[in-house]
Amino acid sequence: MSMEKFRDRIEYAGMRLLVRELEDLGRSPIFRVMQSATTSHVRVADRPRLMLGSNNYLGLATHPAVLEASHRALDLYGAASTGSRVANGSFDVHAELEATLAQWHGTEAAMVVTTGYQANVGVVSALAGPGDTVVLDWAAHASLHDGAKMSGARVRRFAHNDAAELRTILAETESPVFVIVDSVYSMDGDIAPIDEIAALCTEFDALLLVDEAHGVGIFGAERTGAVEMYGQAPAVDIRMGTLSKGIGSIGGYLAGSRDLIDYLRTYNRGYQFSTAGTPASVAAAAAAVRVIRSAEGAALAQSLLDNSRLLRDTLRAKGIPVEGTTVTPWGDDVIGPIVPVPVADEPALIEQWNQLFERGIFAGISVFPGVRLGSPMLRLCVQATHTTEDLEFAADAIADTYRHALAPSAS
Ligand code: PMP
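The structure displayed is predicted, hence computed values, not measured ones.

Caption draft 1: Highlighting the overall build of the chain. Along the backbone of the chain there are 15 helices and 14 strands. For 411 residues, the compact-globule estimate of 2.2 N^0.38 gives 22 Å, and the C-alpha radius of gyration of the chain, at 21 Å, lies within 12% of that figure. Counting only C-alpha atoms and orienting by the principal axes, one finds that the chain spans roughly 60 × 55 × 55 Å. Within the chain, buried positions represent 54% of all 411 residues. By element, 54% of the accessible surface of the chain is carried by carbon and sulfur atoms, the whole surface being about 17,700 Å².

Structure, rendered in structure tokens:
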């Protein structure tokens, strides 16, 4: 009887059926296999395509210094770490990267975890527990929500970027509170009001974690992320980031006080009970951070921001709605690497994605559960290495195919 229940769950799962149907028709926008590196131009389904769906924002996944460091580590340490950091999975490249991340973020310490997902699930579930309250922005990354669920704490969510609602929740909560936000939102592309959130956490004595997965390498004079750009580094207890997007490798990190990081080294289960990142990927991340901190890194970050703005403005000039813009408290109009274009519904999105694919463009998409049900988007990810011609070509194609999709009612 119980096996039948599981069989039914698998057999009638709507998403599974939809993906199978689209794959059978050769029209699935997801699970596509590339035959090249994830640069601004890729090879997918045996054809070159313009890539607008990769998080390789700064192009560092194939930077010569990154590849050289990675090759060197591969030769020296072999293909795998084969152990948890607690036991036999720590190499000198891990220690070096952690020291660099701490120094770069101006924190006492930092730790590297095999993936960003594990870093988040691990840190939230290690710090919060029954009797505490975890308060998250509704749009914070799934890994943060999963960690909150796993922690056994009471979980409350506030409307996206709504500091007023956060204040209301903090004012009515007596238990110890852990507030969690992304800096740059992975689907909406916009930036949290980090100054207001940090001030509320100080006022209500709450612990604050900011996930910089999409901000590190891009924002701030030192390019540690949007926390730095908002001048809030001293007010943020835990700065989390991934090594897998702008940093062009794989892994996650947590930076904060020495006590906090020592606590996490001994209580973060995603760190303790999983094999450490491969030395080649850790060495690649360390080399990428060196590039990011150099004048070349500053130029790459600027080029990325210029490109995002160009794509947004070109699309808007063609009448296409674009979200993801933030106006900072000092009046700057900022759009980060994610340029979201809302589309009427999932069938319209799939149709448009396929038309773009036909024209040689690989676009990113956001659908439920990554975004609210009924709010699908083209999620265009810009790279520093895209050219003006690339982005104008993409904007033309998107504007052309958008006509074939239903325009959203409120844009
Ligand atoms: N946080 C955010 C905001 C993310 O977008 C992601 C990746 N999608 C993660 C955490 C997880 O990072 P990783 O891919 O390194 O596991």
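Still to come is the rest of the account.
Caption draft 2: Examining unusual backbone geometry more closely. Cis rather than trans, the peptide bond between Phe368 and Pro369 has omega equal to 10 degrees. By secondary structure assignment, the location of Pro369 is in the loop between β13 (361–366) and β14 (377–381). One non-glycine residue with positive phi stands out, namely Asp46, at about 60 degrees. Mapped onto the elements, Asp46 comes out in the loop between β1 (41–44) and β2 (47–52). In this structure, Thr82 is a non-glycine residue whose phi angle is positive, near 55 degrees.

Caption draft 3: Molecular detail of the site of the ligand. The full set close to the ligand counts 15 residues, and Tyr117, Asp211, His214, Ser244 and Lys245 are the nearest of them. Within the side chain of Lys245, one N or O atom sits 3.1 Å away from a nitrogen atom of the ligand. Out of a free accessible area of 390 Å², the ligand has 83% covered by protein chains. Top contributing element to the shell around the ligand by residue count: helix α5 (residues 116–127), with three residues. For the shell around the ligand, the per-class residue count stands at two nonpolar, ten polar and three charged.

Caption draft 4: Examining the environment of Arg156 more closely. Along the chain, Arg156 turns up in strand β5 (residues 154–158). Sequence separation of Arg156 and Ala280 is 124 residues, and the distance between their C-alpha atoms is 39 Å. When sequence neighbours within four positions are dropped, the list of residues in contact with Arg156 reads Thr133, Val134, Val135, Leu136, Ile169, Glu172 and Thr173.

Caption draft 5: Broad picture of the environment of Glu296. Here Glu296 lies in helix α13 (residues 295–317). Residue classification places Glu296 among the partly exposed residues on the basis of a relative accessible area of 39%. In contact with Glu296, other than residues within four places in its own chain, are His63 and Val291.

Caption draft 6: Broad picture of the pattern of salt bridges. All chains considered together, the criterion is met by twelve salt bridges. Notably, a salt bridge pairs Asp333 with Arg312, separated by 2.8 Å at the nearest N-O pair. Here Arg312 lies in helix α13 and Asp333 lies in strand β11 (residues 333–335), a separation of 21 residues in the sequence. Classification of Asp333 by relative accessible area gives partly exposed; the value is 30%. A network of salt bridges, in which partner residues are shared, links Arg309, Arg312, Asp313 and Asp333.

Caption draft 7: Here's a closer look at helix α8 (residues 194–203). Among the residues of α8, those classed as buried are Ile194, Ile197, Ala198, Leu200 and Cys201. The arc that holds every buried residue of α8, seen down its axis, measures 160 degrees, which confines them to one face. Against α7 (163–171), β6 (177–182), β7 (207–211) and α9 (226–229) lie the buried residues of α8. Asp205 sits one or two residues past α8 and shows a positive phi near 55 degrees.

Caption draft 8: Summary view of the domain arrangement of the chain. Assigned domains within the chain: domain 1 (13–61 + 295–410) and domain 2 (64–292). On a C-alpha basis, the centroid separation for the pair domain 1 and domain 2 is 25 Å. In this complex, domain 1 contributes 31 residues to the contact, which on the side of domain 2 involves 25 residues. Where domain 1 abuts domain 2, roughly 2,300 Å² becomes buried across the two surfaces, and 66% of that area is made up of carbon and sulfur atoms. Our enumeration of links across domain 1 and domain 2 arrives at zero salt bridges. The interface formed by domain 1 and domain 2 contains four residue pairs in polar contact (both at pLDDT 80 or more). Looking at the side of domain 1 that touches domain 2, the elements with two or more residues in it are α13, β10 (325–327), β12 (338–342) and β14. No other element matches the seven residues that α13 contributes to the side of domain 1 that touches domain 2.

Caption draft 9: Representation of the sheet that holds β7. Ordered in space as β3-β9-β8-β7-β6-β4-β5, the seven strands form an open sheet in which the pairing is mixed. For this open sheet the edge positions go to β3 (109–113) and β5, each flanked by a neighbour on one side alone. In this sheet, adjacent strand axes meet at a mean angle of 20 degrees when their direction is disregarded. Bridge analysis of strand β8 (residues 238–242) against strand β9 (residues 252–256) gives four bridges, and the strand direction is antiparallel.

Caption draft 10: Geometry of empty space enclosed by the protein. This model, assessed by the stated rule, comprises one cavity of 30 Å³ or more. Taken as a whole, the largest cavity holds about 30 Å³ of empty space. Forming the boundary of the largest cavity are Arg85, His94, Val112, Val113, Thr114, Tyr271, Ala276 and Gly277. Grouping the amino acids of the lining of the largest cavity by side-chain chemistry returns four nonpolar, three polar and one charged.

Parameters at a glance
- Residues numbered from 1 in each chain as written.
- Predicted model: local features only at pLDDT ≥ 70, side-chain atom pairs only at ≥ 80, totals over all residues.
- Heavy atoms only, no water.
- Helix = DSSP H or I, 4+ residues; strand = E, 2+ residues; numbered from the N terminus.
- Rg over C-alpha atoms; globule rule 2.2 N^0.38 Å.
- Buried < 20%, exposed > 50% of the residue type's maximum accessible area, 1.4 Å probe, protein only.
- Areas by Shrake-Rupley, 256 points an atom, 1.4 Å probe, with all protein chains shown as cover.
- Near = heavy atom within 4 Å.
- Polar contact = N/O pair within 3.5 Å; in protein donor to acceptor, adjacent residues only side chain to side chain.
- Nonpolar A, V, L, I, M, F, W, Y, C, P; charged D, E, K, R; others polar.
- Contact = heavy atoms within 4.5 Å.
- Salt bridge = Lys/Arg side-chain N within 4 Å of Asp/Glu carboxyl O.
- Arc of directions from axis to C-beta.
- Domains from an automatic or database assignment.
- Buried area = accessible area lost by both parts, 1.4 Å probe.
- Pairing = 2+ DSSP bridges.
- Axes fitted to C-alpha atoms, helices over the stretch in contact; angles between N-to-C directions.
- 1 Å grid on protein atoms, 1.4 Å probe; cavity = no way out; pocket = protein on both sides within 12 Å on 5 of 7 lines; lining within 4 Å.
- Points joined across faces, edges and corners; volume = space filled by probe spheres on them.

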